[in-house]
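Residues per chain, in single letters:
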Amino acid sequence: MTAAIEQIMLTAPVIPVLVVDDVAHAVPIAEALVRGGLPVLEVTLRTAAALDVIAAMKTVPGAIVGAGTVLNPQDLNAAIHAGATFIVSPGLTEPLGKAAVESGIPFLPGTANAGDMMRGLDRGLRHFKFFPAETSGGRPALKALMGPFSDVRICPTGGITLDNASDWLAIEQVLCVGGSWLVKRGAPDVAAIEAAARAAAALTRD
Ligand SMILES: O=C[C@H](O)COP(=O)(O)O
Ligand SMILES: CC(=O)C(=O)O
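Because the structure is predicted, anything quoted here is derived from the model rather than measured.

**Q** Would you take a moment to explain unusual backbone geometry for this structure?
**A** Trans peptide bonds make up most of the peptide bonds, and negative phi angles are found at most residues other than glycine. With an omega of -10°, the peptide bond running from Phe131 to Pro132 counts as cis. Take Pro132: it is sitting in the loop between strand 6 (127–130) and helix 7 (138–145).

Here is the structure:
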């Protein structure tokens, strides 16, 4: 059976990482991304509005809305309560890993080295973010890590742009990449967001 998080990772080649300050921007941003072909949205819990943004984006047909920057079980519970469909974290701690696995929600924890991945595997996890991807050794580091961990599936995030995303997607275990380049902070330029999404959605994994 394919894990639910793997299905989410395979939905589109890019997961936009969103920092949204104003809930009024939530629906226009989500609609533009979905129209552009990127339905999987990671709303980071980095703003006071984030939980309301998750709830608002969930009303957009086709949007698959997750929470990012989930740091602990309290964040996890708040994100689930807001309606998040999946959870992303920058790293993997014992309390968050335990709570996320027990909750059953699709979970994509951040990992940057072998120890992180081993702790995730101990919890039965097989799908990880590689974060921060470019500054944790970039593609050479991820390729080296994939030697002992060939069964894991990865979403690199951190320093990825339209220019280098294809190189990351060419790594066999990489199912998608995450990045904030699609949506600038502030009032949304929906035409620009849709165009950026369209370009990203056209990327292929080969
Ligand atoms: O904090 C960074 C986000 O996870 C995404 O990284 P980025 O802004 O380099 O795309
Ligand atoms: C780094 C990231 O993507 C997160 O804040 O979850």
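**Q** Is there a simple way to explain the site of ligand 2 in this structure?
**A** Taken together, the neighbourhood of ligand 2 is formed by Val17, Thr44, Gly68, Thr69, Val88, Ser89, Pro90, Phe131, Thr157 and Gly178. Partitioning the shell around ligand 2 into residue classes produces four nonpolar, six polar and no charged.

**Q** It is not clear to me how the packing of helix 2 (residues 26–36) against helix 3 (residues 50–57) should be interpreted in this structure. Could you clarify?
**A** Between two packed helices, the angle of one axis relative to the other and the distance separating the axes together describe the packing. The interhelical angle for the contact between helix 2 and helix 3, taken along N-to-C directions, is 50°, at an axis separation of 9 Å. Put simply, helix 2 runs oblique to helix 3. In terms of crossing hand, the pair formed by helix 2 and helix 3 is right-handed. When helix 2 is examined against helix 3, the residues Ala26, Val27 and Ala30 are found in contact with a partner set consisting of Val53, Ala56 and Met57. Taken together, the residues of the contact of helix 2 with helix 3 sort by class into six nonpolar, no polar and no charged.

**Q** In this structure, what is going on with the nonpolar core? I would like to understand it.
**A** One broad rule of soluble globular proteins: the nonpolar side chains tend to lie buried together. Residues Leu33, Leu41, Val43, Ile54, Met57 and Ile87 are the most contacted members of the largest nonpolar core, which totals 70 residues. The contact partners of Ile54, leaving out residues within four places of it in the chain, are Val43, Val65, Ala67, Ala79, Ala82, Gly83 and Ala84.

**Q** Even after reading the chapter, I still don't get the pairing of strand 6, so can you show me in this structure?
**A** For a regular strand, the rule is simple: side chains alternate between the two faces of the sheet. Of the two faces of strand 6, both are covered, the one formed by His127 and Lys129 as well as the one formed by Phe128 and Phe130. As defined by bridge partners, strand 5 (residues 107–111) adjoins strand 6 across two bridges and the pair is classed as parallel. Each residue of the ladder has a partner; that of Gly110, found in strand 6, is Lys129. Following the chain from strand 6 across helix 7 to the adjacent parallel strand 7 (residues 153–156), one finds a crossover that is right-handed.

**Q** What is the right way to read the pairing of strand 7 from this model?
**A** In terms of strand pairing, strand 6 meets strand 7 through four bridges, oriented parallel. Across the sheet, the residue bridging to His127 is Arg153, located in strand 7.

**Q** I keep staring at the packing of helix 4 (residues 73–82) against helix 5 (residues 94–103) and nothing clicks. Help me out?
**A** Contact geometry of helix 4 with helix 5 gives a least axis separation of 9 Å together with a crossing angle of 30°. By the angle class used here, helix 4 and helix 5 are roughly parallel. Facing helix 4, whose interface residues are Pro73, Leu76 and Ile80, helix 5 presents Pro95, Leu96, Ala99, Ala100 and Ser103. Across the contact of helix 4 with helix 5, the residue classes break down as seven nonpolar, one polar and no charged.

Definitions and limits used
Residues numbered from 1 in each chain as written. Chains lettered and ligands numbered in written order. Predicted model: local features only at pLDDT ≥ 70, side-chain atom pairs only at ≥ 80, totals over all residues. Helix = DSSP H or I, 4+ residues; strand = E, 2+ residues; numbered from the N terminus. Near = placed C-beta within 6 Å. Nonpolar A, V, L, I, M, F, W, Y, C, P; charged D, E, K, R; others polar. Axes fitted to C-alpha atoms, helices over the stretch in contact; angles between N-to-C directions. Parallel < 35°, antiparallel > 145°, perpendicular 65-115°, else oblique. Left-handed = near helix turned anticlockwise from the far one by under 90°. Contact = placed C-beta atoms within 7 Å. Core = buried A, V, L, I, M, F, W, Y, C linked by C-beta atoms within 7 Å. Buried ≥ 20, exposed ≤ 12 C-beta atoms within 10 Å, placed from the backbone. Pairing = 2+ DSSP bridges. Right-handed = clockwise from strand over helix to strand, strands pointing away.

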